[in-house]
Amino acid sequence: MSAIYMIKNDNNSTDSIDTKREKTEQTTKKKSETHNKSEKELNIKTEKDLAKIIYSEEDEQTKMNAYNEAIKKGILPRSNNYQESVYAYEESVWLKNN
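Here we summarise the structure given alongside this text. (Residues numbered from 1 in each chain as written. Predicted model: local features only at pLDDT ≥ 70, side-chain atom pairs only at ≥ 80, totals over all residues. Heavy atoms only, no water.)

Taken as a whole and assessed by the stated rule, the structure comprises two salt bridges. Here Lys 96 makes a salt bridge to Glu 47, at a shortest N to O gap of 3.1 Å. Taken together, the residues span a long stretch of sequence, with Lys 96 in helix α4 (residues 85–97) and Glu 47 in helix α2 (residues 47–54) at a distance of 49 residues. Classification of Lys 96 by relative accessible area gives partly exposed; the value is 43%. A salt bridge links Lys 73 to Glu 69; the nearest nitrogen and oxygen atoms lie 3.0 Å apart. Of this pair, Lys 73 and Glu 69 both sit in helix α3 (residues 60–73), four residues apart, which is roughly one turn of the helix. Owing to a relative accessible area of 48%, Lys 73 belongs among the partly exposed residues under this scheme. (Salt bridge = Lys/Arg side-chain N within 4 Å of Asp/Glu carboxyl O. Helix = DSSP H or I, 4+ residues; strand = E, 2+ residues; numbered from the N terminus. Buried < 20%, exposed > 50% of the residue type's maximum accessible area, 1.4 Å probe, protein only.)

What follows is the structure, given as structure tokens:
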């Protein structure tokens with residue numbers, strides 16, 4: 001009887017390992033897709049280029065990456081508050097003009 005119990009437990013543990021491996025592979029695939037998406041080329045040379053991205057249908061991460069790139073290039077000053085990309089952009093434009 002104990003041999004049957006051990007066989008059943010061994011099968012469950014290998015199934016569990018396979019399931020964990022599949023979940024890990026799925027997670028790795030999702031992370032790599034997200035990483036590739038975030039590496040999308042952002043051509044920001046002027047404030048107008050940034051505005052197109054900020055007011056587009058892009059996801060928030062892409063907008064913030066574009067905003068941060070514009071800050072690094074000196075196109076706009078950094079906003080004073082931690083906020084969404086649209087508000088940060090608008091505050092930066094206000095700071096630049098005033």
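Taking 1.5 Å of rise per residue, the 13 residues of α4 would be expected to cover 18 Å, and the 18 Å separating its terminal C-alpha atoms lies within 8% of that figure. Turning to α4, its buried residues number three or more, namely Ser 85, Val 86, Ala 88, Tyr 89, Glu 91, Ser 92 and Val 93. Contacts from the buried residues of α4 go to α2 and α3. (Expected span 1.5 Å × (residues − 1). Contact = heavy atoms within 4.5 Å.)

On to the packing of α2 against α3, then. In helix packing, the relevant descriptors are the interaxial angle and the interaxial distance, both defined with respect to the helix axes. Contact geometry of α2 with α3 gives a least axis separation of 9 Å together with a crossing angle of 165 degrees. Taken together, the axis directions place α2 and α3 in an arrangement best described as roughly antiparallel. As α2 runs across α3, the sense of the crossing is left-handed. Note on element contacts: α3 touches α2 through Thr 62, Lys 63, Ala 66, Tyr 67 and Ala 70, opposite Leu 50, Ile 53 and Ile 54. For the contact of α2 with α3, a count of residues per class yields six nonpolar, one polar and one charged. (Axes fitted to C-alpha atoms, helices over the stretch in contact; angles between N-to-C directions. Parallel < 35°, antiparallel > 145°, perpendicular 65-115°, else oblique. Left-handed = near helix turned anticlockwise from the far one by under 90°. Nonpolar A, V, L, I, M, F, W, Y, C, P; charged D, E, K, R; others polar.)

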